[in-house]
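As a plain string of letters, each chain reads:
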Amino acid sequence: MYVLLLCFGALAGVTTVLFGFGGGFVVVPVLYSVLLATYGADSGMGQAAMHIAVATSTAVMIFGAGLATLRHYKAGTVPWAQVRPLLASIAVGAVPGAAAAMALSGGWVRWAFIVYLGVTILDGLLRPGFTRHTASGIRPLGKRATVGIGVVIGAIAAFLGVGGSVMTVPLMRRRGASMTAATAAANPLSLPMAVAGSATYALLAWDAAPLGDWHAGFIDLRACLALAAGSWLGIRITSRWIGKIPDSVHAKTYLVLLCAVLVVMLAV
């Protein structure tokens, strides 16, 4: 089980550093499937599988997004002027997002994950400008819009355990960012959500979800360590490609990966 998670953690690292996913689009479906296959759908672990997958993904994101942020910082690709104003409001939104996920059944969280994937894919395909970069600079958001959008991003990202990429990358593309800048921004913007969301999943579910040793609330600590180790390897290997992928190819590959995750979540 943990060797498998190590391998998929490496894939999560690749998608984190190159696409800003934070690993959630890989970690959530993989860990959900592994838990069901290992413990069975009728066991306590099986019934909590989606909550564990989302919470553990959020915790792994602290490491993956943090390391990817450092790599992008060294490469000089992070648009800090657009990133800094969103950080606090994303952290605020993550707390109610994680609390809402714990209040719902795993089935509802799974279908919310699927629906959001579908909406994001359609938005990228149908909205002009996502697959082709034409703007000469990034248009900033107003102060009120920044606060409101940040809270929504934090809430949805923590609810689904996917990081901010599914909202920040399309948002940044609509504001005129290149895919390199958009995906670079997604990593530091995932960090406040990951920290606040992980604390919420651990503390509020500490007594409500007695899943045994090596669990902090809904967070599976052993799975988290295996995934984080794999993530480090994936980020280390692929950091050399930062800023070197053609923009159109980068954008289209982003959408293809979302489609692949959607198929997996529909199948499991």
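The structure reproduced in this document is the subject of the present report. These figures come from a predicted structure and were not determined experimentally.

The subject of this paragraph is the overall build of the chain. Along its length, the chain carries 11 helices and two strands. Going residue by residue from the N terminus, the α and β elements of the chain occur as α-α-α-α-α-α-α-α-α-β-β-α-α. Whereas a compact globule of 268 residues would reach a radius of gyration of roughly 18 Å, the chain reaches 17 Å, a difference of no more than 12%. Each principal axis of the C-alpha distribution contributes one length, and for the chain these read about 55 × 40 × 35 Å. For the chain, the proportion of contacts with a sequence separation of at least 24, taken over those separated by at least 6, is 82%. Here the chain has roughly 11300 Å² of accessible surface; of this, 69% comes from carbon and sulfur atoms. For the chain, the distance from the average site of its 17 positive side-chain charges to the average site of its 6 negative ones is 22 Å.

Right, let's talk about the side chain of Thr77 for a bit. On the secondary structure map, Thr77 appears in the loop between helix H4 (49-75) and helix H5 (80-103). Of note is the side chain of Thr77, whose polar atom sits 2.7 Å from the side chain of His72. If we skip the residues at most four places from it in the chain, Thr77 touches His72, Thr180, Ala181, Ala184 and Ile242.

Glancing now at helix H2 (residues 24-39). Its 16 residues place the ends of H2 22 Å apart at the C-alpha level, agreeing with the 22 Å of an ideal helix rising 1.5 Å per residue. For H2, the full list of buried residues reads Gly24, Phe25, Val26, Val27, Val28, Pro29, Val30, Leu31, Tyr32, Val34 and Leu35. Immediately downstream of H2, the backbone of Gly40 shows phi near 90 degrees, a positive value.

What follows covers the nonpolar core. Core analysis: the largest hydrophobic core is formed by 85 residues, its most contacted members being Phe25, Phe113 and Tyr254. Looking at this core element by element, the count peaks at 12 residues for helix H9 (residues 179-203). Excluding its chain neighbours within four sequence positions, the residues that come into contact with Tyr254 are Phe19, Phe21, Phe130, Ser165, Val166, Val169, Pro170 and Met179.

Looking now at the environment of Arg174. Within the element layout of this structure, Arg174 appears in helix H8 (residues 165-174). The spacing of Arg174 and Ala229 is 55 residues in sequence and 34 Å in space, taken between C-alpha atoms. The residues contacting Arg174, other than those within four sequence positions of it, are Asp123, Arg127 and Arg139. Within the structure, Arg174 has its side chain in polar contact with the side chain of Asp123 (distance 3.0 Å).

Our focus in this paragraph is the pattern of salt bridges. Should the charged atoms of two oppositely charged side chains come close, the side chains can pair. Enumeration over the complete set of coordinates arrives at two salt bridges. The partner of Arg173 in a salt bridge is Asp247, with the nearest N and O atoms 3.0 Å apart. Taken together, the residues Arg173 in helix H8 and Asp247 in helix H11 (residues 247-267) connect sequence positions 74 residues apart. For Arg173, a relative accessible area of 6% translates into the label buried.

Moving on, we come to the packing of helix H6 (residues 106-126) against helix H7 (residues 143-160). Viewed as axis vectors pointing N to C, H6 and H7 meet at an angle of 125 degrees, and their least axial separation amounts to 9 Å. Comparing the axis directions of H6 and H7 gives the class oblique. Contacts between H6 and H7 pair Val109, Ala112, Phe113 and Tyr116 from the former with Ile156, Phe159 and Leu160 from the latter. Here the residues of the contact of H6 with H7 are counted per class, giving seven nonpolar, no polar and no charged.

Position of Arg144 relative to the elements: it lies in helix H7. Assessed through its relative accessible area of 79%, Arg144 is described here as exposed. In this structure the C-alpha to C-alpha distance between Arg144 and Gly154, which are 10 residues apart in sequence, comes to 16 Å.

Here the focus is the environment of Ser105. One can find Ser105 in the loop between H5 and H6. Separated by 57 residues in sequence, Ser105 and Ala48 place their C-alpha atoms 8.4 Å apart.

Turning next to a nonpolar patch on the surface. There is a patch of nonpolar side chains on the surface, built from Phe63, Trp232, Leu233 and Ile237 and spanning about 370 Å² of accessible area. Element by element, the count of residues in the nonpolar patch is highest for helix H10 (residues 221-238), at three residues. Of note, Trp232 is situated in helix H10.

Rules behind the numbers
- In this convention, every chain numbers its residues from 1, walking through the sequence in written order.
- Since the coordinates come from a predicted model, pLDDT governs what is reported: local features require at least 70, and pairs of side-chain atoms require 80 or more to be given and counted, while whole-chain, interface and lining totals use all residues.
- The side-chain figures draw on all heavy atoms in the structure; neither hydrogens nor water molecules are used.
- Under the DSSP-based scheme used, a helix requires at least four consecutive residues in state H or I and a strand at least two consecutive residues in state E, with every element numbered from the N terminus.
- Based on C-alpha atoms, the radius of gyration is set beside the globule rule, defined as 2.2 Å times the residue count to the power 0.38.
- By definition in these notes, contact holds between two residues if any of their heavy atoms fall within 4.5 Å.
- For every accessible area listed, the method is Shrake-Rupley and the probe measures 1.4 Å; residues are considered covered only by the protein chains on display.
- All tallies of charge rest on Lys and Arg as positive and Asp and Glu as negative; His and the ends of each chain are not included.
- Note on charges: their place is set at NZ of Lys, CZ of Arg, CG of Asp or CD of Glu.
- Here a polar contact is recorded for every N or O atom pair within 3.5 Å, except that within protein the pair must consist of a potential hydrogen donor and a potential acceptor, and residues adjacent in sequence are included only if both atoms are side-chain atoms.
- Residue count minus one, scaled by 1.5 Å, sets the expected span of a helix.
- With a 1.4 Å probe rolled over the protein chains alone, any residue whose accessible area is under 20% of its type maximum counts as buried; one over 50% counts as exposed, and the rest are partly exposed.
- Only buried residues count toward a nonpolar core, which is a set of Ala, Val, Leu, Ile, Met, Phe, Trp, Tyr and Cys residues joined through side-chain atoms within 4.5 Å.
- Just to be clear on terms, a salt bridge is a Lys or Arg side-chain nitrogen sitting within 4 Å of an Asp or Glu carboxyl oxygen.
- Working convention: axes come from line fits to C-alpha atoms, limited for helices to the stretch in contact. Angles between N-to-C directions cover 0 to 180 degrees.
- Any angle that falls under 35 degrees is termed roughly parallel, while one over 145 is termed roughly antiparallel, one within 65 to 115 roughly perpendicular, and all others oblique.
- Classification used: nonpolar for Ala, Val, Leu, Ile, Met, Phe, Trp, Tyr, Cys and Pro, charged for Asp, Glu, Lys and Arg, polar for all others including Gly.
- Like charges are joined within 9 Å and nonpolar side chains (Val, Leu, Ile, Met, Phe, Trp, Tyr) within 5 Å, but only among residues with over 30% relative accessible area and no salt bridge; these make up the patches.

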